[in-house]
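Here are the chains, one letter per residue:
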Amino acid sequence: MNLSLKNIFLFLSVFTFSALKSQTGTVTGYEWGNRKYISHYLVNGILNIKTDHGLVQAIPYSPKIVEIKNFYGNVPVKDSSDAVIMSPENMEITVKDEPENLRMILGSLTVVFNKNPFSIIFYYNDELLLPEERGFFIRNDSAGIRFKLDDSEESFYGLGERAVDFSLRGGKYRLYNQANYGYVSGADFLNYSVPLLVSSKKYMLLFDNPEKGYVDLGKTEKNIMEFGAVGGVMKYFFIAGDDFKELSTEWGKLSGMQPLPPFWALGNLQSRMGYKSQKEADSIVTLMRENNFPLDALIIDLFWFGDSLKGYMGKLEWNKRKWPQPGKMMEKFKDVGVKTVLITEPYIIDTLKNFYTGDSLGIFTTDSTGKTYINKDFYFGPAGLIDIFKSVAGRWFWEKYKNLARMGVSGWWGDLGEPEYHPSDEYHVNGPADAVHNVYAHYWHKMLYENYRQFYPGIRLFNLNRAGYAGSQRYSVFPWTGDVSRSWGGLKAQIPALLHAGLSGLPYVHSDAGGFAGGKKDDELYTRWLQFACFTPILRPHGDAFTAPSEPVFYSEQTQKIVRKYIKLRYSLLPYIYSMSAQATLKGYPLMRTLFFEFPDDWMAFETKDEYMFGSNILVAPVLNPGQRIRTVYLPRNNKWYNYFTNRKMPGGNEYDIPVKIDNIPLFVKAGSFLPVVKPVSSTDYYSDSVLTIKYYVGDDESRDHYLMYSDDRKEPDAIKNGNFETLMFVQKKNEKGNLEFMFSRIKGYKKMPRERKINLEIIGLPYNKYFTFIINGKQMEKIKTKKPADNGYLYDEQRKVWLLRFKWGLNDVFITQSLK
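All values derive from a computational prediction rather than experimental measurement.

Q: Account for the sheet that holds strand S10 (residues 143-148), naming residues and giving values.
A: Within the open sheet, the nine strands sit side by side as S5-S6-S7-S8-S9-S10-S16-S15-S12. Their pairing is antiparallel. If you trace the sheet from one side to the other, it starts and ends with strand S5 (94-97) and strand S12 (172-175), each paired once. When the angles between neighbouring strand axes are averaged without regard to direction, this sheet yields 15°. The pairing of strand S15 (residues 213-217) with strand S16 (residues 224-229) spans five bridges and is classified as antiparallel. Counterpart to Tyr214 in the pairing with S16 is Gly228.

Q: Run through helix H9 (residues 488-503), naming residues and quoting values.
A: Over its 16 residues, H9 extends 24 Å from the first C-alpha to the last, a length consistent with the 22 Å expected when each residue adds 1.5 Å. Taking the largest bend as the criterion, H9 deviates by roughly 25°, centred on Gln494, and proline Pro496 comes between one and four positions later. Most of H9 sits out of view: 14 of its 16 residues are buried. Where H9 terminates, the next one or two residues include Gly505, which has phi positive at roughly 90°.

Q: Tell me what's going on with the packing of helix H10 (residues 523-533) against helix H11 (residues 557-572), and back it up with residues and numbers.
A: Relative orientation of the contacting elements H10 and H11 amounts to 5°, with a least axis distance of 9 Å. Judged by the angle between their axes, H10 and H11 are roughly parallel. In contact with Asp523, Tyr526, Thr527, Leu530, Gln531 and Ala533 of H10, H11 contributes Thr559, Ile562, Val563, Tyr566 and Arg570. When its residues are assigned to classes, the contact of H10 with H11 shows six nonpolar, three polar and two charged.

Q: I'd like a rundown of the pattern of salt bridges, residues and numbers included.
A: Applying the stated rule across the entire model yields 41 salt bridges. A salt bridge links Asp97 to Lys115; the shortest N-O distance between them is 2.7 Å. Here Asp97 is found in strand S5, whereas its partner Lys115 is found in strand S7 (residues 109-115), with 18 residues between them in sequence. The exposure class of Asp97 is partly exposed, given its relative accessible area of 49%. Note that Arg139 is salt-bridged to Glu226, the shortest N-O span being 2.7 Å. Placement of the pair is Arg139 in the loop between strand S9 (127-138) and S10 and Glu226 in strand S16, with a sequence separation of 87 residues. We note that Arg139, like Glu226, is buried. Salt bridges linked by common partners bring Glu133, Arg139, Asp141, Arg146, Glu221 and Glu226 together as one network.

Quick notes on the rules
- Residues numbered from 1 in each chain as written.
- Predicted model: local features only at pLDDT ≥ 70, side-chain atom pairs only at ≥ 80, totals over all residues.
- Heavy atoms only, no water.
- Pairing = 2+ DSSP bridges.
- Helix = DSSP H or I, 4+ residues; strand = E, 2+ residues; numbered from the N terminus.
- Axes fitted to C-alpha atoms, helices over the stretch in contact; angles between N-to-C directions.
- Expected span 1.5 Å × (residues − 1).
- Bend = angle between axes of the 7 residues up to and from the residue.
- Buried < 20%, exposed > 50% of the residue type's maximum accessible area, 1.4 Å probe, protein only.
- Parallel < 35°, antiparallel > 145°, perpendicular 65-115°, else oblique.
- Contact = heavy atoms within 4.5 Å.
- Nonpolar A, V, L, I, M, F, W, Y, C, P; charged D, E, K, R; others polar.
- Salt bridge = Lys/Arg side-chain N within 4 Å of Asp/Glu carboxyl O.

Put into structure tokens, the structure is as follows:
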């Protein structure tokens, strides 16, 4: 077996810890006690500290980010990061050598290195955030890093997808991507783990080591945080910030931002395990359209290449017996705005032609002797695993994608990418399975993304997947939370799983809406899950069709009516959702946010576990129990809130018992918010923001409210980078008389942007007064008497208690002032 120098290092690092364990077979203790400082030197902005047990490097990346590397010897081992793409900034670094410690000062962030015993402490704005306990250690069971936690109420979040309710403190979590079939609320591991922690004290820790590992947050030893792994360099990044939004942005700078999504990915993506023929797929599209359900994609599971679950995986060619004209089918779908997404997997059954071809090319993983490794216990049949780290394997796999893309496939579903079956005695070109397992999917995403950039530079990639690594978001991934139970427990698991993932830098994590595994057809559960899913980053109904359908057209008339209403509500909010996507690309913000992400000074925001913010302005409280008729909702303090459906205004800082029927869930809009909405369409292909309704929810008297709406051609991958976009700015403030003043301004632009928009401004929360009037650009607006469309005018809608102003908005700014006759 040929081993590169990197592989030798990997092998030696794994051997070191395994050999230590093999001496006794049990966990005994540490290789050394406390470390002691010997000397230090600063070279090229890197602080090198020699201790009596190895070298420590402190590498500043920015005034808020520093990397700490621990080496077993006194010479640094060359390594690289799969997560980090940022290069250290050129900046002023101050190192003070004092009798008891070294102090590295990076602006607001200070790193203190105590000399004897040696340990590291992190301060931000002079506040102690985190001290190491033992720091770097080697035991006979593992190596890692230990930190000391205080007895405060500090809580932790992130680590990828965790269905834990809600702070992670007090648990021990594996860092190993692994399927958890049929999981429910409380599942502490899922398919996508990320070694990134977010603290309530407003810092992040990235354990930048992809090897099989764990994080213990005080379960084994109270107030001790321990990261451990089977091998690799023991290193971590410490990131500090003023709030959680700044942390997300700093993380995005360090590991890469999510590219803009294909606009259609924000619509309704219908899926099932699985559509078995062209005839069946065509009938589903027809039924959805005939029953007035918006639809943007049909996602086709593994029956596109085989007749059954077993024996066909890796064929990667249409089964022409069941799908006689796939090209014409996809073209027909596109004509009505429906895109086709196909599943692919990295396994190839050993009886298929593709296996023999791949084996001759050497694209598969191997055993210790260098022979192709056959996964004999793999559920779908004995199979080889594509070694995605081999360039020849990536090229072979890409050719399959490229051929299908030419036929009309619009997006991809990458399944089983953990990899699902990946024994420890399996070898890749760059190391054993346990050393590279967690980055397998990451490199799969990288291969697909980079080839799209080369061969399809004008297309935004849609890559639906269920595993990855820290930083995979930069490869345009759209992860889902795996094969969740079709049950109320499965539904409850989604809020923490999606929120933890969002804080881990993954803005588009979502669920199989309706549930996947087991269960039975349940109209109430399906309704509640779809209502929730309409306010998650991606709406994708999916399930095991052997037990219950995933399409709304096969449920009761009542269920169809309710689900249709919510899907159309999502489509009407597309300007708002797409603006969140731009925030994810520009600032690294998740679309689905914990309450404390938006309200970090409200302690109840950390305690509330079953609500979330959809963007900055909408609070969502899904109904999570069967037969529930009262939903208790906490509204964050120092704000007022409007019920989205009734426009009732309610003060924050309180819990409310909200009556709920099957056709509604509690939705609230923060006072002072603007919400841009459009008329819902049957497909995003027909979307336009040339006619725009702007809802303004009146805030406090002293508030100055603003909102930035993002718009572009919805196709160009580099629209933001190239400046081919438009920002629509809405501003409201009250003048000295207490009257509302609005400004609407357009910034930048793109070729096919609307030269003029028809605007319906709805003012919610301004009481009726027969003497109210409105002035636009210095001229009196006409009072209109009907709700029929008019170019310029205003009226008060008595039924909805809303002021409605209609006007045209060209390229120039528009100013509107509320006045009295």
